[in-house]
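What follows is each chain in one-letter form.
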Amino acid sequence: MASKGWQHPYVNIFKHVRVEDWRKSAKEGDVSTYTDKTLKCSVFRIRGTVPANSYILVPKNSNQSLGLIGRYFYLLFRPIPGKYFVVHLDVAAEEGQVVRISFSNMFKEFKSTATWLQFPFLCGAAKDSVYESTANSARHGLVGPAPTSVRWTCLMLDLQYTLSVYLNRCYSHLKSIKLCANMAVKNMFTSDLILDPGVSFSEAKLMGLASSQGTGPMPRDMSFPAPKGGSWHDLYDYIKFPSEGTKLPFDSIQKGNLRPEANCFSSQRSPIREEARSVSLSKPIQDRVSLIQQITTPKSMPRNQTPVVTNIPEVGVVSSQQKVGWLCPDDDQQQEEPACFSPHQLTSRPPCDTDGSGVHVFVHPEDVFSKYAEEREEEFVCSTDPHPVHLSSSKEAKRQKLLPDPILRLKRIIGFGGATTKHALWTKSGDAVVYPCHAIIVSMKISSNHQRFFIGHTDKVSALAFNGNTTLLASAQTGNYSVVRVWNYHKGNCLAMFRIHAHSLSSLNFSYSGGILCGVGKDSHNKTMVVVWNTLNVGKGGEVAILAKAHTDVDIHTMKVAFFDDTRMVSCGRDSIRLWRVRNGTLRSCPVNLGEYHSLDFTDVAFEEGNSLNQHLDDRTLFASSRSGHIFEIDYSRVVIKNVRRLLPAQQQHAGRREKLTFNTGPGISINSISVTSSFCATGSEDGFLRLWPLDFSAVFLEAEHEGPVSLVSVSSDSLQVLAATSTGNLGFLDVSSRGYNTLMRSHTDTVLGFSVDGIRQHLTTASSDGTVRIWNMDSLHQLYDFVSEDRPCSVAFHPSEQVFSCGFSSGIIRVFDISTAKLLSEHNQHRGEVVGLAFSPDGEFMYSADSQGSLALYNSSEEDYNVIRVLCNVVARGTERAPDALAVSSDSHCLAFVGPSEYIVTIADARSLDELLHIDVSILDVESPRLDSALKVCFAPASTEHLLVATSANKILWVSTKTGRLLREMSKVHKHQCSSLAVSEDNRFLLTAGHNAVKVWDYNMQLDMNSQMFIGHSQPICQVSFTPDQLGAVSVGDAIFLWDFLALPVNSATDSRSPLRVRSISAPKSVSGVQLSNGMPRQTAPLPSSPPPCLDISTNNQVDLGVFGSLSLCDDTPIIPSAPVQATGLGPSSDPRSAASFLKVTKLASVSPLNTSHNDTVELKGKRPVRPDCYRHFIPRFKTSTLDQAVVAPQPGEESIKLKAVIGYNGNGRGNMVWSPDQGLFAYSCGSVVVVEHLHAGCQRHLQGHSEEISCLAVTNDAQTVASAAGGSNGSKSLICIWDVQNGACQNTISYHRGAVQSLAFSRDDRFFLSVGDFSDPEVALWSSKTFQLLSSVSMSGPIHDAAFSPSAASQLGCVGSQGVYFCLIHTHGLDVELKVQREKAPSEVGDVEQTALCYHMDTFLFTATNRGHICVWDVNTQRCIMTWEADEGEIGVLLCRGNRLLTGSNTRWLRLWEVEAVQGVKPREKVCDVEDSGTTVVLEREIMLDGTTVSAAFDNTMDMGIVGTTAGTLWYINWSDDSSIRLVSGHKTKVNDVVFSSDESHFATCSEDGSVRVWSAPSNELVVQFQVLNQACGCVCWSPSSTKDSACVAAGYSDGTLRIFRLASSEMEMKLHPHHVAVTAIQYSANGHVILSGGKNGLVAVSSPVNGATIRVIRDHKGAPITTIQCVKEECKNFGLEGNEMWVAASSDRRVSVWAVDWSKDKCDLLDWLTFPAPAYFGDDSPPPSLAAFCPADPGLVVYTGYGVEKELSFYSLTKKQIIKKIALPHWATCFGLSSKSQLIAVGSKERVLKLIKSSSGRFQDFLQHSDSLQTCHFSPSGTLLFTVAYNEILLWEVRGL
């Protein structure tokens, strides 16, 4: 592709288009040239009475484009005095849209549509002129003709910033420019650099400015001349946009505020060292300063060395002699600071993020009516500075920022209203409701409560309106200058934004067609102002124009446009109902003659709908409601009252039942809202009733009572549902047909002061100024409980494990509630002031409270009455500003921190006794500060209790040691305002802060270039913010309750730079953001790994697999430590060959058997391994901690008790491990250590079994009679290559030659030769005879080899590619001797320093090679020179395949592309390698398809029309290019499979995996039926419901976040989600009759849940503290065991405890039947001990079979009737899994030694099977016992059981 490097450092546009020739540019009207005296050069002058008639246009034709990619556009011009000018820039966005950016001094205000931005331009004037002094003193800029003293101006526009902020678009390039009269213009240019016209080249050199830093001086041919010694800024104007100026109108292009420090380029030529100042200090102060200097002063640097800041310093700099400014930890906070480049100060400004991943919200800078005016940094959701200065970097130019971006995503909002509760809308379809929640507009699906957000308003939304078909949504906000936005409802984007010069905008209404929008507000004189806009073209990017405007003294409460006529409106208010009409640009009205009712206060109006739009006006009826209870029927055409009725309270009660209301005389009930359909009328009244009336108002036929006054009623378009809102913040709807009422949203009516989250039950409790404490369900948003008190609640806290919460009130009372019983447990009155802090210790033993008068109390929360243990006075800082979280408890429950006894002191106390441990004085930590710093908030770091974070009044966060009080680190300028709340994630990777209206997420270690992201949405200051306990979300409260998704990757999903794992660093942010979508690692905990990271996925976008492996660190030089074989107990000598009938020792116990002597393992160490190349194409076997037992002997052929029936899955970690011969019909691939030969049509499989390790690659002969497979050797031995006869499946030959893994295999075109290539540890190429498989020749290469291939035409030619380049190989034969000659050629310099990753031959003379940067290189085989390159992909290409003139490329970007390369044959060799575009050769991209993972193998037919492709996701795809189709042939799990289980009727089986997927397969075809995917979670266990019918069959699965999900097979949908655990679910099982679901968690709790309503029926805590490993349920009458019940269930935990329970769920009985604890010695292994496993014996449920870590390796049979172990079976290995068959008394046992052992429990007879390449983790028999599943990592093997 053509390089854009020619555009750097700048493009002279006039020179680029040769403007003087007027061939590529056009001129129209009065355009001339003249010599300007000031600039002393020739310039263009454009003049004309009408600016649009005289212009210069570049380029000439509209179908052409300049294609200029520079971020900044510079225009050197001078407006002509007394005239107007206009400039139009057409800019292309990456989304393909063209946006026009215009600026002119004609524009009075900023205007915006989807395709056009218009900016006012404020002209500058000569220094000290009258115009300049007038402009400086005026708040409003002087928009209009240019002044007489207007100067030459250098204008810089940031195009990327403009598109990103104003339209949320990503800037691509500048398309065209139109300069219109009246102006003089010297030139214009584009650049990616910020250039200062006031700095000369010599000055820039002295200041160190360079293009590598993103800045520099103005180019000489673009500069304005300045006399020596004179100031450039005194002669000319330099205007930048976005502007720092503060003049109105908003968003105008204007000159910035010139301050002496504002421009460091010109005003600060050299660093200024301050002289030491003499300061008199008292002795105590001297001591304190001396102490803090010792603590915080870093080591001094050499005097002449410039300090290099590599990360945030751990200590602050305090010196009385010298001021050193460190790099600010958050670069985006430096917006108000100058970019000064001095040896002592370096301020980094990141480039504006335009990737579009975040929501950009436009807020007006310096906006007088916006609450954001004081905090300009909050103009974005993720704020970055619009003026970047690029810092040079040693290796990469990309700046490291916090990832993923965005890291928070708004998920749910609990709240309704804010400015108004009178606006909520139905969509046309009636499936969603749109309503305001403070500054955000919410669209909620009424069926699922799913929310969508419209974010953009900067103040509370005061009005909403839909057009007739609900495609356009209009909204207005409160404030002095109300902003109106028009949205595309379905897409969610803002189409237009405009201001109405009015405040208190209270009403908006669309016409039915959407062409007219009407709004009502108050003008500056507080008169009512009505504005009508033309919105007809707003959906097409057109402008919104004012049709008419009127100022009136008439009060208007509501105004609506007639649905039958866009020009007619009706309004109502106090004392009036008026009809309005727009005619000839004027708005006129006439009142309805109200007669005696003229003094009523009217609240709402509505037209009778349902009639034809063509109906005559005479038949139109208008309804109006009033506060006095009247409802008026008005004849619209005659403007007179037809009927008046009044709503009155009932006069009497009968038998406790209120009578239906009628209309009579007397005091009325205020009607706040009315909605009319063709069949009925709905009213909402002050007494809280929604009532439905017939149109004759004879009697109420339906009503619903609410908790507060009904402020809104709205009938859906189908008249089946009626929406109702109350002034108390409730929103719901009445279903007319079913008469059922559904509450959609409840909300607090005042500020939410604090919250607490119950992570186990997903409950949220909040305290509000409205006097209520409410408990919410975080999943459904439903309010569960509401506690009302006259005493205002201030602070709340949930107990960490129980359904208990405490609440502190403004009176000082502490109340503790039990939610489950709705009982007040205790009440305490120890405090006299408002409660400012309330917290539980994480272990739940203690509770703490603090008040505003300084007292602190400690309670015993382990007892129900919460006794007070200790109360201290005057220890906490007084005041309420630290509420609601003034107290912080460390994660180990040892320390309590708070601010006190003064605001300058932070105290750390013992959490069990409140004894003071440490005082930290924060006021002395910055001795240079002019004022004392005080502490505001404190917070412990959960993962490091030695870190205490303190937020201070100086807008800093301090990291303080809890042991020494030493300052560890500090961060300044956290927010523009003070930090109001802070929290640290459990893994100490992220910091969450709140300041004013913004939430920020920070990198905790502050080691990135951009350490934070900011998110807005709140319209009021945030009171509290925190992570949810599961670390998957965040909660912030203030005006409403915001629930955020926290999208950060788990700690092991992305490679940590501090880890010893040597991997390639992530360079593509897009690949990183893609990781989070498929990551299966549980966020909260990291399970001990079963194997280390597969190195395949460490390159670009497959980082997700690392998340499976916890905190394991794997280094390249890690020694391999295999265990020596251990002889099995009770067996003969291992040297003797075993017969098929081997036996294990079976002991029938009368007493406990003696201990056996353990055998010592021998250890062998291997040396250091070479470094793996930076290339995914290179095979790296998945690291395994398991070792193969070499002493195991497989049964003789024909005597096997089980036979391998099917292999499910494909090994996506292999390379070239799939072969397909379309002519012969051979299709083979590898899974683990098995080669699967599959018949594509029949679906049957044959299995080639001979390897014990993971197969890396395959090769097939051209006649498809022989297949070669390669796998690594066992226990450090050489790799094994097997040669297979395809017809009979026999292994013909084996080769063991390469010391490392085998990277590639290939047969020559005539099948005479066979080639094998070693991996990077032994890069040797070996040539073998295909007949005898004797070694003919071998060559050791200089570097790693990635791929090899024979020439398709010349049998003696072959090629290899690798890290060192391309190897051209020639086979020389001299009789029986064969020699391999190799010629190496380096990659062409044009592609850079790359790895050559793949190759294939084209015709006879060309060789294609691919690189790890996406290039394709074309080589001439004869000259061995590269003749051409092109960029075929953005990532690494790992697969190349050529057939005829078609080339296939597959890469790690998941793209599979097909190229037409016929034109390559015409390329002639040149001196220099050509790019495709330079050579004139056309390489055509014919087809492309994106697959589900990185391409690792491919095979196609001779025409390249169809083929099979394998990916790292474990999928084999059938691709047909001719009809653009793709079919999954084989679909396996990519990550570890945790469970596999058959349905009761054996028609299906289910699997679950660490990637969060549950897959259901059909049997016996083994076809994938459905997949249920949960993102960002691991699925740990799965089970089937007992029901056998297809319609009722369900699958239940447990996930790492503690949730259970039930999926129904018939509908392929999730039926229910339960959350009974707050840790990972490790075991799950339906009860035998399906009444309940039992689930076990990682913390040992067993939850009993209802599959009907999802409720947690009970929690069993007996196993608490150790993960539950197994749960099993059986039907069995329990009378034989002395208890009642019809079922039994057993649970085992990892601490070797087993519990057996007798239950009858229908009677809610669950009694402990037996409790077993198995002894064991201390475990000293490096990994986790073997699991504890237990199960009922299928033949006799009175027997429980157990195995686990203990004194002996054995299976134990425990009798529930005899209460003792009656039998033991010795095992040679620790069992990692086992399964019991329902027939033949068979037991399958898997081990870490990769052995599957099938045992006859009665006799001890066994057989061993070694088909797995890793330790077994699951084995399950089918219910009938005829089939057996075994799993090792992601290899799923299905066996047919024959019997033993």
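Note that the coordinates shown come from a computational prediction; the quantities given were computed from them, not determined experimentally. (Residues numbered from 1 in each chain as written. Predicted model: local features only at pLDDT ≥ 70, side-chain atom pairs only at ≥ 80, totals over all residues. Heavy atoms only, no water.)

1. Concerning the overall build of the protein chain
Here is step 1: For the protein chain, the helix and strand inventory stands at nine helices and 135 strands.
Here is step 2: Buried positions account for 59% of the 1844 residues belonging to the protein chain.
Here is step 3: In the protein chain, the proportion of contacts linking residues at least 24 apart, taken out of those at least 6 apart, comes to 53%.
Here is step 4: Here the protein chain has roughly 71900 Å² of accessible surface; of this, 48% comes from carbon and sulfur atoms. (Helix = DSSP H or I, 4+ residues; strand = E, 2+ residues; numbered from the N terminus. Buried < 20%, exposed > 50% of the residue type's maximum accessible area, 1.4 Å probe, protein only. Contact = heavy atoms within 4.5 Å. Areas by Shrake-Rupley, 256 points an atom, 1.4 Å probe, with all protein chains shown as cover.)

2. Some remarks on the sheet that holds strand 117 (residues 1625-1630)
Here is step 1: One open sheet accounts for four strands, arranged 117-118-119-120; its pairing is antiparallel. This sheet does not close on itself; its edge strands, each paired only once, are strand 117 and strand 120 (1656-1660). Within this sheet the neighbouring strands show an average axis-to-axis angle of 20°, counted without direction.
Here is step 2: When strand 117 meets strand 118 (residues 1637-1641), the two strands line up antiparallel, connected through five bridges. Paired with I1628 across the bridge in strand 118 is S1639. (Pairing = 2+ DSSP bridges. Axes fitted to C-alpha atoms, helices over the stretch in contact; angles between N-to-C directions.)

3. Points about the environment of Y848
Here is step 1: One can find Y848 in strand 59 (residues 846-851).
Here is step 2: Since its relative accessible area comes to 0%, Y848 is described here as buried.
Here is step 3: On a C-alpha basis, the gap between Y848 and L896 in space is 8.9 Å, while along the polypeptide they are 48 residues apart.
Here is step 4: Among the polar contacts listed, one links the side chain of Y848 to the backbone oxygen of A911, at a separation of 2.7 Å. (Polar contact = N/O pair within 3.5 Å; in protein donor to acceptor, adjacent residues only side chain to side chain.)

4. Focus on the sheet that holds strand 48 (residues 731-735)
Here is step 1: The sheet built from four strands is open, its strands ordered 46-47-48-49 with antiparallel pairing. The open sheet has two edge strands with one neighbour each: strand 46 (710-715) and strand 49 (740-745). Put simply, the sheet's adjacent strands are angled 20° from each other on average, direction ignored.
Here is step 2: Bridge count between strand 46 and strand 47 (residues 721-726): five bridges; the pairing is antiparallel. Paired with V715 across the bridge in strand 47 is V722.

5. Notes on the packing of aromatic side chains
Here is step 1: Under the criterion given, the structure shown has 62 aromatic pairs.
Here is step 2: Arranged with centres 5.1 Å apart and planes meeting at 50°, the rings of F498 and W533 form a pair that is tilted. Taken as a pair, F498 in strand 27 (residues 494-499) and W533 in strand 30 (residues 528-534) lie far apart in primary sequence, 35 residues in all. Across this residue pair, the class does not change: F498 and W533 are buried.
Here is step 3: Three or more aromatic residues joined by ring pairs make a cluster, and in this case those are F77, F85, F103 and F121.
Here is step 4: Here the basic side chain of R969 rests over the ring of W959, its NZ or CZ set 4.3 Å away from the ring centre. (Phe/Tyr/Trp six-rings, centres within 6.5 Å; stacked < 30°, edge-to-face > 60°. Lys NZ or Arg CZ within 6 Å of the ring centre and 35° of its normal.)

6. Section: helix 3 (residues 159-167)
Here is step 1: Extensive coverage of helix 3 is indicated by the burial of nine of its nine residues.
Here is step 2: Considered for burial, the residues of helix 3 that qualify are L159, Q160, Y161, T162, L163, S164, V165, Y166 and L167.
Here is step 3: One or two positions beyond helix 3, positive phi appears at N168, with a value near 55°.

7. Things to note about the pattern of salt bridges
Should their charged atoms come close, side chains of opposite charge can pair.
Here is step 1: By the definition in use, this model includes 47 salt bridges.
Here is step 2: Put simply, D770 and R774 hold a salt bridge, and the shortest N to O gap is 3.7 Å.
Here is step 3: Classification of R774 by relative accessible area gives buried; the value is 7%.
Here is step 4: The salt bridge partner of E834 is R792, with a shortest N-O separation of 3.0 Å. Residue E834 is found in the loop between strand 57 (823-828) and strand 58 (835-840), and its partner R792 is found in the loop between strand 53 (783-788) and strand 54 (793-798); the two are separated by 42 residues along the sequence.
Here is step 5: What makes R792 partly exposed here is its relative accessible area of 28%.
Here is step 6: One network of salt bridges, with partners in common, ties together R151, D237 and K255. (Salt bridge = Lys/Arg side-chain N within 4 Å of Asp/Glu carboxyl O.)

8. Observations regarding the pairing of strand 129 (residues 1775-1780)
Here is step 1: For strand 129, a buried count of six out of six residues is recorded, marking the element as mostly surrounded by other parts of the structure.
Here is step 2: Pairing geometry for strand 129 and strand 130 (residues 1786-1791), over five bridges, is antiparallel. By the bridge assignment for strand 130, F1778 is matched with V1789.
Here is step 3: Two successive antiparallel strands, strand 129 and strand 130, enclose a turn made up of five residues, where S1784 displays a positive phi of approximately 65°.

9. As for the side chain of T1411
Here is step 1: Assignment of secondary structure puts T1411 in strand 97 (residues 1406-1411).
Here is step 2: What makes T1411 buried here is its relative accessible area of 0%.
Here is step 3: When sequence neighbours within four positions are dropped, the list of residues in contact with T1411 reads V1394, E1395, Q1396, T1397, C1417, G1435, E1436 and I1437.

10. Looking at the nonpolar core
Here is step 1: Residues F73, L75, L89, F103 and L179 are the most contacted members of the largest nonpolar core, which totals 52 residues.
Here is step 2: Looking at which element gives the most residues to this core, the answer is helix 3, with six residues.
Here is step 3: Excluding anything up to four places from it in sequence, L89 contacts F73, V99, R100, I101, L157, L159, L174, S176 and I177. (Core = buried A, V, L, I, M, F, W, Y, C linked by side-chain atoms within 4.5 Å.)

11. Quick look at unusual backbone geometry
Here is step 1: P242 follows F241 through a cis peptide bond whose omega is 15°.
Here is step 2: Of note, P242 is situated in the loop between strand 16 (237-241) and helix 6 (264-267).
Here is step 3: A cis amide bond links G900 to the next residue, P901, at an omega of 5°.
Here is step 4: Within the fold, P901 resides in the loop between strand 63 (895-899) and strand 64 (905-910).
Here is step 5: Unlike most non-glycine residues, N526 shows phi in positive territory, near 65°.
Here is step 6: Positionally, N526 belongs in the loop between strand 29 (516-522) and strand 30.
Here is step 7: Its identity is not glycine, yet N955 carries a phi of approximately 65°, on the positive side.
Here is step 8: If you trace the backbone, N955 turns up in the loop between strand 67 (944-952) and strand 68 (956-961).

12. As for the confidence of the model for the protein chain
Here is step 1: Overall, the predicted model of the protein chain reaches an average pLDDT of 81, with 81% of residues at or above 70.
Here is step 2: In the predicted structure, residues 1053-1141 sits below a pLDDT of 50 and forms 207 contacts with residues beyond four places in sequence or in another chain.
Here is step 3: Across residues 1150-1168 the pLDDT falls below 50, and counting only partners more than four positions away or on other chains, this stretch makes 25 contacts in the model. (pLDDT = per-residue confidence, 0-100.)

13. Some details on the side chain of T1747
Here is step 1: You can see T1747 is positioned in strand 126 (residues 1743-1747).
Here is step 2: Overall, the relative accessible area of 2% leaves T1747 in the buried class.
Here is step 3: Here E1754 takes part through its backbone oxygen, which lies 3.0 Å from a polar atom of the side chain of T1747.
Here is step 4: Excluding residues within four positions of it along the chain, T1747 makes contact with P1731, S1732, L1733, E1754, L1755, L1771, A1775 and F1778.

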